[in-house]
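Each chain, letter by letter, is given below.
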Amino acid sequence: MTKLEINIRENNGATKESAPYIGHAISKGSKNFIALTEEAAALCGLPAIQVEAILRGAFAEFAALEKDGAVRINFDGGSVSQVIRGTFISSDAAFDEKRNSLELAWHLSEDVRHHLVNETPRIVSELTSTKVRLDTVADEETPRPYNVIHGRKPFKCTGINLVMSDAGAGIYLVDGKGARHKCVIVEELSRQEVSARCLDELDGGDYKCVVESRGGDEGGILQSSMRKVKYLKVESFPLGIALCHGEGLANGVIAPKTKPTILTGWGLKDGFSYMSMYYMSDEGVEVEDTVSSDALSAHSNGEIVIPPEAWSKLPEAGGNVTFTVHSSKGSVKTTAKVAESE
């Protein structure tokens, strides 16, 4: 379960004498309607689509009743009533369509709202909470202006608690139609900075950059934070490698004889000829070998996986290994360091 966290602030209101300080709960995000129906379906045993139909039908009836007159509709767990959103210039000011809106609101019952009454919260600041926040997105090579991504070039996400090692964590772009385009993590620089790049070559335009993480809170909810970005379509080399790592290891680190080596990029299969590996052995001898597509455990335009068996007859690598993919479109290199335990 996620941690209950509060931020203590000075009370400047009418109750200041009796309560000099007030605790404000740290919001970890909200659930959308589809996510809510899926969780309700798991609890009640009905299909999610049936739960969605029931809830939509119920709220359609609520809306119809409210059109006849302002009433409060009570049911188990809460009530529905009309509320006016926005501010008024004075206590007797008239309803202003530019400032105010009339909406239906779902109010939780006292039992539900007091569910956490006996829970002991953790007092935190912005730096010590587990709330995830994305502040800026910037191209690494040309950071200004902010919130502009240059094609497949690496970009840096800056914020708070951007922990990519959490279960389900990741970064992706969302286009105007709601389609997700996954980005790969190049390097997790700190909890405040993460370097990533988009593998797909997208059409230029407006996108949303979304970061999902649990903020380092193991077992906490998967939070999401978003920034609107401009994606510039930049023509890139038709063959490229974005990441190189051993399975389960950080980018740039491999364990070739014990773990599969994974190269992630684009254009890695069409026109593929062979891949070469170059390194210095533990004895200081230069080693160079080639690998055909048949010797790979997986091979697609986006990924190459070299099995440990491909290294069985080769000397132990003593440091860095340079991989070169040769193709009819040209060649591309990447270098990774052999893990010390290898």
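Up top is the structure.
The notes below deal with the structure included here. Keep in mind that what you see is a predicted model, and the values were worked out from it rather than measured. One numbering rule holds for all chains: residues counted from 1, following each sequence as written. Only residues with pLDDT of 70 or above have their local features reported here, since the model is predicted, and side-chain atom pairs are shown and tallied only from 80 upward, although totals for entire chains, interfaces and linings are computed over all residues. Note: side-chain values were computed over all heavy atoms of the structure, leaving out hydrogens and water.

Examining the overall build of the chain
Runs of E in the DSSP output that reach at least two residues are strands. Runs of H or I that reach at least four are helices, and both are numbered from the N terminus. Helix and strand counts for the chain come out as three helices and 23 strands. Relative to the globule expectation of 20 Å for 342 residues, the C-alpha radius of gyration of the chain, 27 Å, shows a markedly less compact shape. In terms of principal-axis extent, the alpha carbons of the chain reach across some 85 × 45 × 45 Å. Evaluated residue by residue, the chain yields a buried proportion of 35% over its 342 residues. Residue pairs in contact within the chain that sit at least 24 positions apart in sequence constitute 57% of those at least 6 positions apart. Working definition of accessibility: Shrake-Rupley area with a 1.4 Å probe, residue cover restricted to the visible protein chains. Summing over all exposed atoms, the chain offers an accessible surface of approximately 20,400 Å²; the carbon and sulfur share of this is 51%. Charge centroids of the chain, computed over 37 positive and 48 negative side chains, lie 4 Å from each other. Radius of gyration here uses only the C-alpha atoms, and the compact-globule reference equals 2.2 Å multiplied by the residue count raised to the power 0.38. Buried means the residue's accessible area, taken with a 1.4 Å probe over protein chains only, is under 20% of the maximum for its type, while exposed means over 50%, and partly exposed covers the values in between. By definition in these notes, contact holds between two residues if any of their heavy atoms fall within 4.5 Å. Think of it this way: Lys and Arg go in the positive column, Asp and Glu in the negative one, and His and the chain ends go nowhere. The location of each charge is read from NZ of Lys, CZ of Arg, CG of Asp or CD of Glu.

Quick notes on the packing of aromatic side chains
Classification of ring pairs rests on two measures: the distance between centres of Phe, Tyr or Trp rings, Trp counted by its six-membered ring, which must be within 6.5 Å, and the angle between planes, read as stacked under 30 degrees, edge-to-face over 60 and tilted in between. Within this structure, the stated rule accounts for seven aromatic pairs. Relative to Phe62, the ring of Phe59 has its centre 5.3 Å away and its plane inclined at 80°; by these criteria the two rings are edge-to-face. A residue pair is termed a helical-turn pair when its members lie 3 or 4 positions apart in one helix, as Phe59 and Phe62 do in helix α2 (residues 48–68) at three residues. Here Phe62 falls in the buried class, since its relative accessible area comes to 14%. Relative to Phe323, the ring of Trp311 lies with its centre 6.3 Å away and its plane at 80°, an arrangement referred to as edge-to-face. With Trp311 in the loop between β21 (303–306) and β22 (317–327) and Phe323 in strand β22, this pair connects stretches of sequence that are twelve residues apart. Comparing Trp311 with Phe323, the two get one shared label, buried. Three or more aromatic residues joined by ring pairs make a cluster, and in this case those are Phe59, Phe62, Phe75 and Trp106.

Overview of the sheet that holds strand β3 (residues 73–75)
Paired through their backbone hydrogen bonds, the strands of a sheet run either parallel or antiparallel. Judged by pairing direction, the sheet is antiparallel, and its three strands sit side by side in the order β3-β4-β5 without closing on themselves. Whereas interior strands pair on both sides, the edge strands pair on one side only; in this sheet they are β3 and β5 (101–108). Direction aside, neighbouring strands of the sheet carry axes that sit 35° apart on average. The rule for pairing is simple: two strands pair if DSSP sees at least two bridges between them. Where β3 lies against strand β4 (residues 78–85), three bridges are found, and the strand directions are antiparallel. Bridged to Phe75 within β4 is Gly78. The axes are straight lines fitted to the C-alpha atoms, using for helices just the contacting stretch, and the angles between their N-to-C directions are given from 0 to 180°.

Regarding the pattern of salt bridges
Any two side chains of opposite charge can pair if their charged atoms end up close together. We define a salt bridge as a contact between a side-chain nitrogen of Lys or Arg and a carboxyl oxygen of Asp or Glu at a distance within 4 Å. Under the defined criterion, the tally for this structure stands at twelve salt bridges. Ionic pairing is found between Glu10 and Lys16, a salt bridge with its closest N-O pair at 3.5 Å. Exposure remark for Lys16: the relative accessible area of 38% places this residue in the partly exposed category. As a salt-bridge pair, Glu52 and Arg56 come within 3.0 Å of each other at their nearest N and O atoms. Of this pair, Glu52 and Arg56 both sit in helix α2, four residues apart, roughly one helical turn. With relative accessibility at 46%, the residue Arg56 sits in the partly exposed group. Through salt bridges with shared partners, a single network forms among Glu5, Lys28 and Arg122.

Side note on the packing of helix α1 (residues 33–44) against α2
Where α1 meets α2, the axes come as close as 8 Å, and the angle between the chain directions of the two elements is 115°. With respect to α2, the axis of α1 lies roughly perpendicular. The handedness of the crossing between α1 and α2 comes out as right-handed. The residues of α2 that touch α1, namely those facing Phe33, Ile34, Thr37, Glu38, Ala40, Ala41 and Cys44, are Ala48, Val51, Glu52, Leu55 and Arg56. Classes in brief: Ala, Val, Leu, Ile, Met, Phe, Trp, Tyr, Cys and Pro nonpolar; Asp, Glu, Lys and Arg charged; the others, Gly included, polar. Grouping the constituent residues of the contact of α1 with α2 by class yields eight nonpolar, one polar and three charged. Oblique is the label for any angle not covered by the other classes, which are roughly parallel (under 35 degrees), roughly antiparallel (over 145) and roughly perpendicular (65 to 115). What makes a crossing left-handed is the near helix being turned counterclockwise from the far one by less than a right angle; a clockwise turn instead makes it right-handed.

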